Each structure stands twice: as C-alpha cells, then as structure tokens.
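Spelled out, the chains give:
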Amino acid sequence: PRRISTTGVPCRFILMNKPVNANQEFQSDFLSVTEARNAISTLIQDIQLQAKRSDAIEKLPLKQCLGRILANDILSPINVPATDNSAMDGFAFNSKDLKTDREQIHLRIVGTVYAGQTSVPPTQASECIKIMTGAMMPPDCDTVIPQEFTQLSDEGLITFAKHTVRAGENRRLRGEDLQADKPAIQQGRILKASDIGLAASLGIAELGVYQRIKVAILSSGDELCDMSEPLVPGKIYDSNRFSLHACLSRLGFEIIDCGIVRDTPEDLRHAFTLASQKADVIISSGGVSVGEADFTKQIMDELGEVGFWKIAMRPGRPMAFGSLKPISPKTSPTVFFGLPGNPVAVMVTFYQFVRNALLQLNGALKPEIPLVLVQSAEAIRKKSGRTEFQRGVLFRDSEGKLFVKSTGSQGAGILRSMSEANCFMILHHDQGNIAPGDWVDVEIFDGLL
Ligand code: AMP
Ligand code: MG
C-alpha cells in the first residue's frame, strides 16, 4: 500500500496482517483502528523489554503512590481481619441456643466487649455478650443478634424472635478480606485510592512503583502562536500542547514541554533530536496530514523508523507512529506519536491510541477502559468501514432510562464538542447508520479525562 512506510516494525507488522478487501469503501491503504492498536501494542512491548523497565523501580511512601503503577505483587503479611469480629452492634452468642422449639430466645447478658478490646470474656449456654461493631468475637460465640431485634428485660435478659437471625450471621470472619501470604494487590496495577487503603490495612508503609516515563510534547505549525505573543490575523493560539499536558498530568507521567516548532527541516530535526535525548516518548501534534507531512517524513527517515498512517476513523485520520533511534546515553529507542493537528482529533487519538500505550510502556497491565452499552436517543448517520468516536452526553429520560446523544456539531476542530461531552460514543468499523433506540458502545470520560 502506498501511504504506509515499509521501514518500521509496526508497518511490517501491518503489511503482513492487512486483509485487502477491494469492495470496501475505504481503500486498503487505510488501517482499521484495531490494526493500528495492534501495531502500536507490538512495538510498545518490544521497547518495554529493551528499556528494562523492571529495573526502573522506586520505593515511595504510601501517600505518594496514588496513580502510580505497582512494580511487585503485594503479599498480605497478615489476615485481615486478624480475628473474627462483629459486623453489628448487638449481642454475641452461640448458635446452639437457636436449636429449640420455642419461638422466643432468652439470653442472659454476662459482659460487654468494645472494639479494640484485646481480651474477651467466655460465655456458656443461654448467655450472651453485648458487642460493638468491630469488636473481637468471644471464643464460644459464632452469631450476633443486632440490638434493634432484641428487647431488654430488667433482670439483664434479652429476648428476640428466633427467625430474626441465623447461625453465623453478623460475624466477619478472620481473613475474609485478605488472607495471609495471598496476593493482595497485583503487579502492574494502576494504584487507586482503595489500593492505598488496602496497603495501609496491611501495615505496608512504602510501595515499589515503576519510575514514571518521560513524555515530551510539542506542537508543529507555522500558524501557531504562543500565548505570550500577540495574536495577529492568520495565527491561532496553540491549544494542543495544553490539552495534551492536561491529559498526561492526569495520568501521572513526567512531562517535558518542548514548545512550538516551526515547519522547517532544521527546526524539526533540532526539536526531535533534543526531545529524544530526554524523553521515552515524544508526542507531537500537527504536520502529519497528506501534503503537510513532507518535512516530518524527511526528518523521521533520518532519525528512525516511523510509519505515516491513514486510519479508517473519524476524527483523526492521519497519524504517524514509530520509534526514533536511541541517542546516548539512552539505550532504548524513543517512541514517537505524531498526532493530527485538529484539537478534537488530538484528544481522540490520544485516548484511543496513546493513553493505553503509555501506561503499557510504564508497566501497567490491563489499562483499558471498559465500554458500556447504552441506547442511542437519536438517529446517527454512520458509514460502515471506519470507526467513529462521536462526543456524547449520557443522560436519563423522565422515566429514568439511560440514553446517549451526541453533543451536536462533530467537526474535528470544534473543541467545545469535547468539552460539553461526558463520553465517547464508539461507532465501530462495521457498524452502519444508528436508529433511535439502537445500542451503542460508550466510553465514559470519568476515568479517562
Ligand atoms: P495540521 O494537522 O497541521 O494540518 O493541522 C490541522 C488543523 O489543526 C489546522 O487547522 C491547524 O491550524 C490546527 N492545529 C494544528 N496544531 C494546532 C495546535 N497546536 N493548536 C490548535 N490548533 C492546531
Ligand atoms: Mg500544520
């Protein structure tokens, strides 16, 4: 195929696996989104091995680990909870006392146990102990009757109906949350708030996480104007570097901002060489579309192996991807993503291709975001043979039923469509027109942006 470079690893991979279908509306030199993702994943795995990311581990105090990627399995050193304990405020007793024909159970209160108390009195048949949530279960007791189901009589007796509790209820078992010596959190996990809490519940003060990869960002285009300069007719402010910076900060990567680069071979060569010395990954925007990519291509041929792709998707059709040769003192190649210039296309290609690749490169396992099937509230025109990432709004109708609708104008330059959306509606490669009520895949922005 014409537009695919035959030099880089990803491109070879694609050429071997490209199904050619002459009847398809899009010609065979378009890659499908899936093919592009596979090619990216293959190269990333390759570089991940070369970069020996397993060597790049740092120990951090727990409070600094949110969003970082766990480098080793965490085995639980203890049982959590360490002993059986009560899940309710109530009265602990032995369930043998429920084995009677009588409907009402009467138990004598012989003591009280609070959470945190380290010794607990014993009980005998027809006796109970007043117990608080989280308090250790008395040795002979296996069941707790919640306080609200009992009546207290003057002589220190409680009464409750037998059917209100079954043997073993309202008791938390030793090790039911985490068992000693079993994996509590797995290597490759992007640490969430709950993981931080889990580690704390095990008494683990520090975690080994992968060092953050360094990502260089730059914007290419002669029309771009830095905010510090006056905006003159014919120029636009550079917004892509800011949206990319925000996307990357949210994911916790180290960012190197390489600014705006003019469309000349000298400037591009200089910028990419500098960036590849410092960064593990370079993300540029602009300058990859047909007719614009000539200089970028020329420089990429000098510096590494990069394929210039046309992807059967909307928005975000052109994209460059590959690797730049290692420049000492680095030993592994720099990954290069050349995203399209349109502000929405930048964000879509970032989330659909770059996000997972960066997390994978940094050691994360399964960084994918789950898709949710939702009914479309409206008709959508969609051509089969390309994937569309429409910006959508999830909402509930007056009966509480969940629907998705588009944010309206879907032009690749209309950043407002992205800003007003709360999800991507993903209209798959083979999907055609959508009728109201049809089910569509949705990727919710929370967890994404
Ligand atoms: P290109 O891919 O370079 O042809 O750019 C496509 C469109 O995106 C053009 O209208 C550019 O002006 C616009 N564009 C390119 N880079 C940026 C940027 N950094 N910020 C905002 N718009 C941009
Ligand atoms: Mg341009």
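Here we summarise the structure given alongside this text. From a predicted model like this one, the values you see are computed outputs, not experimental measurements.

The rules behind the values
- Residues numbered from 1 in each chain as written.
- Chains lettered and ligands numbered in written order.
- Predicted model: local features only at pLDDT ≥ 70, side-chain atom pairs only at ≥ 80, totals over all residues.
- Heavy atoms only, no water.
- Donors = N, O, S within 2.8 Å, 3.2 Å for Na, K, Ca; no water.
- Helix = DSSP H or I, 4+ residues; strand = E, 2+ residues; numbered from the N terminus.
- Patch = residues over 30% accessible without salt bridge, like charges linked within 9 Å, V, L, I, M, F, W, Y side chains within 5 Å.
- Areas by Shrake-Rupley, 256 points an atom, 1.4 Å probe, with all protein chains shown as cover.
- Salt bridge = Lys/Arg side-chain N within 4 Å of Asp/Glu carboxyl O.
- Lys, Arg positive; Asp, Glu negative; His and termini not counted.
- Charge placed at Lys NZ, Arg CZ, Asp CG, Glu CD.
- Contact = heavy atoms within 4.5 Å.
- Buried < 20%, exposed > 50% of the residue type's maximum accessible area, 1.4 Å probe, protein only.
- Pairing = 2+ DSSP bridges.

Around the magnesium ion (ligand 2), the protein contributes the donor atoms Glu-292 (OE) and Glu-292 (OE), at 2.5 to 2.6 Å from the metal centre. Mapped onto the secondary structure, Glu-292 falls in the loop between strand 18 (281–285) and helix 6 (294–303).

On the surface, a cluster of negative charge is contributed by Asp-222, Glu-223, Glu-266, Asp-267 and Glu-292. Turning to its location among the elements, Glu-266 is positioned in helix 5 (residues 265–278).

On to the environment of Ala-167, then. Positionally, Ala-167 belongs in the loop between strand 10 (157–161) and strand 11 (171–172). Linking Ala-167 and Gly-385, residues 218 residues apart in sequence, is a C-alpha distance of 60 Å. Residue contacts for Ala-167: discarding those within four places in its chain leaves Ser-95, Leu-98 and Thr-143.

We now examine the pattern of salt bridges. Where charged atoms from two side chains of opposite charge come close, those side chains can pair. Applying the stated rule across the entire model yields eleven salt bridges. Two residues, Arg-241 and Asp-238, come together in a salt bridge whose shortest N-O distance is 2.6 Å. Owing to a relative accessible area of 6%, Arg-241 belongs among the buried residues under this scheme. Taking the relative accessible area as the measure of exposure, Asp-238 reaches 5% and is therefore buried. Here Arg-269 and Glu-302 are joined by a salt bridge, their closest N and O atoms 2.8 Å apart. Taken together, the positions of Arg-269 in helix 5 and Glu-302 in helix 6 put the pair 33 residues apart, joining distant regions of the chain. Among the charged side chains, a salt-bridge network with shared partners connects Asp-226, Asp-238, Arg-241 and Asp-257.

Residues Thr-143 and Ile-145 of strand 8 (residues 143–146) are buried on one face, and the alternating residues Val-144 and Pro-146, pointing to the opposite face, are buried as well. Taken together, the four bridges between strand 5 (residues 90–93) and strand 8 define a ladder with antiparallel strand orientation. Its bridge partner lying in strand 8, Phe-93 is registered against Thr-143.

On the surface, a cluster of nonpolar side chains totalling about 420 Å² of accessible area is made up of Met-227, Leu-231, Tyr-237 and Phe-242. In this structure, Leu-231 sits in the loop between strand 15 (224–225) and strand 16 (236–237).

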